[in-house]
Amino acid sequence: MTDVIRIRDLAWRAGREFAIRELAMTVPTGAIYGFLGPNGSGKTTTIRLMLGMLPAEDGTIEVLGHSVPRYAHRALERIGYVPERLHLYQGLTVDESIRFHRAFYKDFDDAEAERLRKRFALREDQLVQRLSKGEAGKLMMLLALSQRAELLVLDEPTDGLDPVIRREVLGALVEYVDSRKATVFISSHLVHEQERICDWVGVMDGGRLIAELPMQEFRSGIKRLRVSQAPPVGDATPFALLSRESLNAQHEEWVVRGWQPEMREWFQRAGADVREIQDLDLEESFVELLRGARTPSTTEIR
Amino acid sequence: MFKSIDPRSPTPLYAQIADRIRVAVASGELSVGEGLPSVRALASQLRVNPATIVQAYRDLERDKIVEMRQGSGTFVAALGADARARERASAAGRFVRQMLTQAARQGLSPADLRSALDRELPESK
């Protein structure tokens, strides 16, 4: 099995306002897959569909080789899930929460749970309702990592945590991935964090997955160009044009996707010249990609 | 040693990590035979994908800067004086290229840079 998650033609609708449409997604085994998208783009809904917590209207979902929702229970045994809204029982202590959780997972690793509890400085007898937001986040991560899961699904795992705790949590995650060769699906709008860790990126907008590709390609393929004597754009651009803006009478700024150095010649043939090629970081690429996806006049992406 | 890793830089992370180690080896900050952190420890410290560290170490091994010994880790290889000088020269070259790109973006001319360098560098004799 080379893909841990395979989704095809997924559709789901909530009222008139929001829908997941024609969603296709592939998460390769061993990837750390960053699931990016603005608030309300459908990230959490997609995760809930993926885990069988919402019924799809159409399409197929396969997770760890099991068809979801029919066999979601088999997949869930092997998935560590940290939901956006942390799910812990307020009346239990840290130790009781761990013992409660372990009852559901036959491979639960007690030694690992204890090691992480110490590392995260969580007191055994502390009541969950007394935990700070950061401590509760660490406890959820501890539970997910101690399951020896093959797939971790993390929905905004570091959102609202302070930078010190974020570092601790991400450090533990990276060690887990290295020691267990697990696959991680991590949804976040903290783009800079994703930029360090992820090797695949999927971008959601308006209920659709508008891009899915290896991080390296995503980062190296999107460029901002300064073009002089910019040509009109027909259908035959060798790249996808995400946006164009005129700077003055002679110059325009173009943001393109799928850029290769040889493409300079395309401009020269059109009597134009590329004056400068600027690299974008992940956040800028992300913003430009969304802008491109929302402007109907530019080339369709994917 | 890795404080300067910048995920927003256009230079890929693995290359930044490898470059930093190259400079440390060339300057003697890391000595021959010294062990580098394990992939897991360094990935965790920098919060990067373990594959990024593996790629950095492989690049360094290919260039004979380090040796990866099965099961025991990654160590600084013995580097001849001329190889050391080459590494320093290429590190300096990378640094200057970065500076030139930034300077060009701000509209500074080569002459501006040259006179600034003359002012800022301590007297060489």
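About the criteria used
Residues numbered from 1 in each chain as written. Chains lettered and ligands numbered in written order. Predicted model: local features only at pLDDT ≥ 70, side-chain atom pairs only at ≥ 80, totals over all residues. Helix = DSSP H or I, 4+ residues; strand = E, 2+ residues; numbered from the N terminus. Buried ≥ 20, exposed ≤ 12 C-beta atoms within 10 Å, placed from the backbone. pLDDT = per-residue confidence, 0-100. Contact = placed C-beta atoms within 7 Å. Pairing = 2+ DSSP bridges. Axes fitted to C-alpha atoms, helices over the stretch in contact; angles between N-to-C directions. Nonpolar A, V, L, I, M, F, W, Y, C, P; charged D, E, K, R; others polar. Right-handed = clockwise from strand over helix to strand, strands pointing away. Core = buried A, V, L, I, M, F, W, Y, C linked by C-beta atoms within 7 Å. Domains from an automatic or database assignment.

Chemist: Explain the environment of Val 287 of chain A here, please?
Modeler: All names here are of chain A. Structurally, Val 287 can be placed in helix H10 (residues 282-294). Taking the C-beta count within 10 Å as the criterion, Val 287 has 15 such neighbours and is therefore assigned partly exposed. Spatially, the C-alpha atoms of Val 287 and Pro 38 are 9.5 Å apart, while their sequence positions differ by 249 residues.

Chemist: It is not clear to me how the confidence of the model for chain A should be interpreted in this structure. Could you clarify?
Modeler: Across chain A, the average pLDDT comes to 89, with 97% of residues at or above 70. Note that pLDDT drops below 50 for residues 297-302 of chain A; the model gives that stretch 15 contacts with residues more than four away or on any other chain.

Chemist: Please explain the sheet that holds strand E8 (residues 183-187) of chain A as it appears in this structure.
Modeler: Sheet strands pair via backbone hydrogen bonds, and the direction of the pair is either parallel or antiparallel. All names here are of chain A. Spatial strand order, E6-E7-E8-E3-E9-E10: six strands in an open sheet with mixed pairing. Of all the strands in the sheet, just strand E6 (79-82) and strand E10 (208-214) have a single pairing partner and so form its edges. Within the sheet, the average angular offset between the axes of one strand and its neighbour, ignoring direction, is 15°. Across four bridges, the pairing between strand E3 (residues 32-36) and E8 is parallel. The residue of E8 that forms the bridge with Tyr 33 is Phe 185. The strands that helix H1 (residues 43-50) touches are E3, strand E7 (151-155), E8 and strand E9 (200-205); relative to E7, the one it contacts most, it runs at about 145°.

Chemist: Is there a simple way to explain the interface of chain A and chain B in this structure?
Modeler: Interface size, as often reported, equals the accessible area lost upon joining of the parts. With 17 residues of chain A at the contact, the number on the chain B side is 14 residues. Per-element tally for the side of chain A that touches chain B: the top contributor is helix H6 (residues 163-180) of chain A, with eight residues. Residues of the side of chain A that touches chain B, tallied by class, amount to five nonpolar, four polar and eight charged.

Chemist: How should I be thinking about the pairing of E8 of chain A in this particular structure?
Modeler: On a regular strand, each side chain points to the face opposite its neighbour's, so the side chains alternate between the two faces of the sheet. Residues and elements named next belong to chain A. Burial runs high along E8: five of the five residues are buried. Both faces of E8 are covered, namely the face carrying Thr 183, Phe 185 and Ser 187 and the face carrying Val 184 and Ile 186. Bridge analysis of E7 against E8 gives five bridges, and the strand direction is parallel. Bridging across to E8, Leu 151 finds its partner in Thr 183. What joins E7 to E8 is H6, and the crossover it makes is right-handed.

Chemist: Explain the environment of Arg 78 of chain A to me, please; I cannot follow it from the model alone.
Modeler: Residue and element names in this part refer to chain A. Within the element layout of this structure, Arg 78 appears in the loop between helix H2 (72-76) and E6. Looking at Arg 78, the number of C-beta atoms within 10 Å reads 19, which means it is partly exposed. Sequence separation between Arg 78 and Thr 26 is 52 residues; the distance between their C-alpha atoms is 18 Å. Once residues lying within four places of it in the same chain are set aside, the contact partners of Arg 78 are Leu 64, Ala 149, Glu 150 and Leu 151.

Chemist: Help me out: how do you make sense of the sheet that holds strand E11 (residues 223-228) of chain A in this one?
Modeler: Residue and element names in this part refer to chain A. If you walk across this open sheet you meet the four strands as E12-E13-E11-E14, and the pairing is antiparallel. The sheet is open, and its two edges are formed by strand E12 (240-246) and strand E14 (273-279), each paired on a single side. On average, each strand axis in the sheet is tilted by 25° relative to the strand beside it, whichever way the strands run. Lying on the sheet, H10 is in contact with E12 and strand E13 (251-257); it crosses E12 at an angle near 95°.

Chemist: Can you walk me through the nonpolar core in this structure?
Modeler: When a protein is soluble and globular, its nonpolar side chains tend to lie buried together. Residue and element names in this part refer to chain A. Core analysis: the biggest nonpolar cluster contains 104 residues, and Tyr 33, Val 184 and Phe 185 have the highest contact counts within it. No other element matches the eight residues that helix H5 (residues 133-146) contributes to this core. Counting contributing residues, this core receives three or more from each of domain 1 (3-216) and domain 2 (223-279). Dropping the residues within four chain positions of it, Phe 185 is found in contact with Ile 5, Val 27, Tyr 33, Phe 35, Leu 151, Leu 152 and Val 153.

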